[in-house]
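These are the residues of each chain, in order.
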Amino acid sequence: MEHTVIKKGTRRLDATPTWEGLVRPLIALVHEGESYESRQMAKGELRRMARLADCWVEYRKEQLKAEEAEREAAAKRFETSLYGVDEQEAEQ
């Protein structure tokens, strides 16, 4: 676990569970939960985790697309600085 020093002599522990650490108990609840409510809660939590993972994947795709566009724009600016005009202007 990570900790943060708040002030001399005191620390704050980050006890946030990992998603990987939560999966086993949730699967166990789905299969062996004592009540219908506990099984439904575990299923709902797994669905929520899956939605969040999907959101993260979509976010990363958008981020990578933006980074690629920025790299292309930077390369174009570099070429323009080398040659004084961009290729489209030179063709016209």
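Looking at the protein chain as a whole, the pLDDT averages 86, with 84% of positions reaching at least 70. Per-residue pLDDT, averaged within each element of the protein chain, yields its smallest value for helix α3 (residues 87–91) (58) and its largest for helix α2 (residues 36–83) (94).

Another aspect to go through is the pattern of salt bridges. What the rule picks out here adds up to three salt bridges. The residue R71 makes a salt bridge to E68 at a minimum N-O spacing of 2.8 Å. Residue R71 and its partner E68 are both found in helix α2; the two are separated by three residues, about one turn of the helix. Across the pair E70 and R77 runs a salt bridge whose closest N-O atoms are separated by 3.0 Å. Its relative accessible area of 43% is what places E70 among the partly exposed residues. Judged by relative accessible area, which is 48%, R77 ranks as partly exposed.

In this section: a nonpolar patch on the surface. On the surface, a nonpolar cluster with roughly 330 Å² of combined accessible area is contributed by W56, V57 and Y59. Topologically, V57 is positioned in helix α2.

What follows deals with the packing of aromatic side chains. Per the stated rule, a full pass over the model turns up one aromatic pair. Taking 5.4 Å as the distance between ring centres and 35° as the angle between the ring planes, the aromatic pair formed by W56 and Y59 counts as tilted. Remark: Y59 and W56 occur in helix α2; sequence separation between them is three residues, near one turn of the helix. You can call Y59 partly exposed: its relative accessible area is 40%.

The rules behind the values
- Residues numbered from 1 in each chain as written.
- Predicted model: local features only at pLDDT ≥ 70, side-chain atom pairs only at ≥ 80, totals over all residues.
- Heavy atoms only, no water.
- pLDDT = per-residue confidence, 0-100.
- Helix = DSSP H or I, 4+ residues; strand = E, 2+ residues; numbered from the N terminus.
- Salt bridge = Lys/Arg side-chain N within 4 Å of Asp/Glu carboxyl O.
- Buried < 20%, exposed > 50% of the residue type's maximum accessible area, 1.4 Å probe, protein only.
- Patch = residues over 30% accessible without salt bridge, like charges linked within 9 Å, V, L, I, M, F, W, Y side chains within 5 Å.
- Areas by Shrake-Rupley, 256 points an atom, 1.4 Å probe, with all protein chains shown as cover.
- Phe/Tyr/Trp six-rings, centres within 6.5 Å; stacked < 30°, edge-to-face > 60°.

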